[in-house]
Amino acid sequence: MIFNRRLYVNQLIERKGNQMIKVVTGIRRCGKSYLLFNLFFDYLIQSGIDENHIICIRLDNRFNAAYRNPDKCLSYIISRITDKQAQYYLLVDEVQKMDEFEDVLNTCLQIPNLDCYVTGSNSKLLSSDIITEFRDRGDEIKLYPLSFSEYWESFPNKSWEQAWSEYSTYGGLPHTLQLATENSKINYLKDLFRKTYFRDIVDRYHITQTAPLSRLLDILCSSVGSLTNPKKLEDTFRSSGNTRLTDVTIRQYIEYFKDAFLLSEAERYDVKGKHYISTPLKYYLTDLGLRNARLNFRQIEETHLMENAIYNELLYRGYSVDVGVVEIYEKDENGKQIRKQTEIDFIVNQGSQRYYIQSAFDIPNSDKETQEMRPLRNVRDSFKKMIIVKADILPRRNDDGIVTMGLRQFLTDPNSLFV
């Protein structure tokens, strides 16, 4: 099955010849190798690049085991560059399997007619700090699981309802979508989480007591979109009899999950005070299917999954995403003025653009509508404000300029924020 990932191919094209190492990072099994060795390779060929000028090294292939030796690999690369006037492209998969790969790639940067692209999904290249390994000469392309629009494009015969139901249950890891039965999808995702993602973290950080790590992951998966912090989580563990897991250790474990691209962290931002609030934070899973698999598909609350999907879509489009805090003043039943904190689900930024977005699964009555719009109405700037609902509706704008839009249009229209 072919998945069209134009967004990422275009990012690779834009970075051609920028004299930096293009590093494709992302959660394991999200399609990094396919992006580089199929889609980008095909683009180079169709652009008229001689196939002999594309040096492909798949280090996870046993036939290429000799090139896991850094000196042999470097010698092979140099031997392939026979025309000093022509442009060559180096594509290396699973580069972390090579010892001293940083030195090899930094040496390749000194070859003027060689453009370097690498992927990795384990050990050092599983970490979000990989770019520091190449100092100021690394250019990161973050690859996410299939977005909803990428998924639905591959299954055009499915209705919106069916496509959303399957995507919100099994997520967007490419191989999952190629499996024929529900049981095969479920077993694949559960095994992948247990045998690959979790095992990678345990092995990399030499964790001997895995039960607390596992329990913490369950809690974070169960509470996507809820405000929490390490201290609150420490109290949760203490209440269940675990007194050895401190907030410092919990924070470190969360960093491990973030480094492995399993989850992302959304900070809180005081809209009126224009500053970040250190705690509490929100966490969202990179893939909905992995989140559901971790919980044995027992907690498939569509409200939380919809919020997580919106968050992931915003990251996919290249936005930075925070949680908004808006202070308002209201009178209580005795007429006394009191201060309240209200929340905006997402403050979305990219350059000079900003959007305020609420995720509301359903707005059944005027009270619910007032609740969702109240924090938006109290933001005193001119940036666009939006509420996304599950219902498949046409966009509408009220007298306050607040747009209400259906989830389907938001996920499938790349220009939906500009409506």
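Scroll up a little and you will see the structure.
Treat the numbers as computed from the prediction; the structure is a model and nothing was measured.

> Now, about the side chain of Arg291: what can you tell me, with residues and values included?
Mapped onto the elements, Arg291 comes out in helix H13 (residues 288-294). Dropping the residues within four chain positions of it, Arg291 is found in contact with Cys221, Ser222, Val224, Leu285, Gln299, Ile300, Glu301 and Leu305.

> Can you tell me about the packing of helix H11 (residues 230-239) against helix H12 (residues 247-259), naming the residues and giving the values?
Where H11 contacts H12, the two axes come as close as 8 Å, and the packing angle between them is 115 degrees. As summarised for this structure, H11 and H12 are arranged roughly perpendicular, according to the angle between their axes. When the axes of H11 and H12 are compared, the crossing they make is right-handed. In this structure, H11 contributes Pro230, Lys231, Leu233, Glu234 and Phe237 to the contact, and H12 contributes Asp247, Ile250, Arg251 and Ile254.

> Describe the pairing of strand S8 (residues 320-331), and please don't skip the residues or the numbers.
Pairing of strand S6 (residues 263-270) with S8 involves 3 bridges; the strand directions are parallel. Counted as the bridge partner of Tyr269 is Gly324 from S8. By the bridge criterion, 11 bridges tie S8 to strand S9 (residues 337-350) in an arrangement that is antiparallel. Looking across to S9, one finds that Lys331 is bridged to Gln337. Linking S8 to S9, which pair antiparallel, is a turn of 5 residues; within it Gly335 sits at a positive phi near 85 degrees.

Conventions we followed
Residues numbered from 1 in each chain as written. Predicted model: local features only at pLDDT ≥ 70, side-chain atom pairs only at ≥ 80, totals over all residues. Heavy atoms only, no water. Helix = DSSP H or I, 4+ residues; strand = E, 2+ residues; numbered from the N terminus. Contact = heavy atoms within 4.5 Å. Axes fitted to C-alpha atoms, helices over the stretch in contact; angles between N-to-C directions. Parallel < 35°, antiparallel > 145°, perpendicular 65-115°, else oblique. Left-handed = near helix turned anticlockwise from the far one by under 90°. Pairing = 2+ DSSP bridges.

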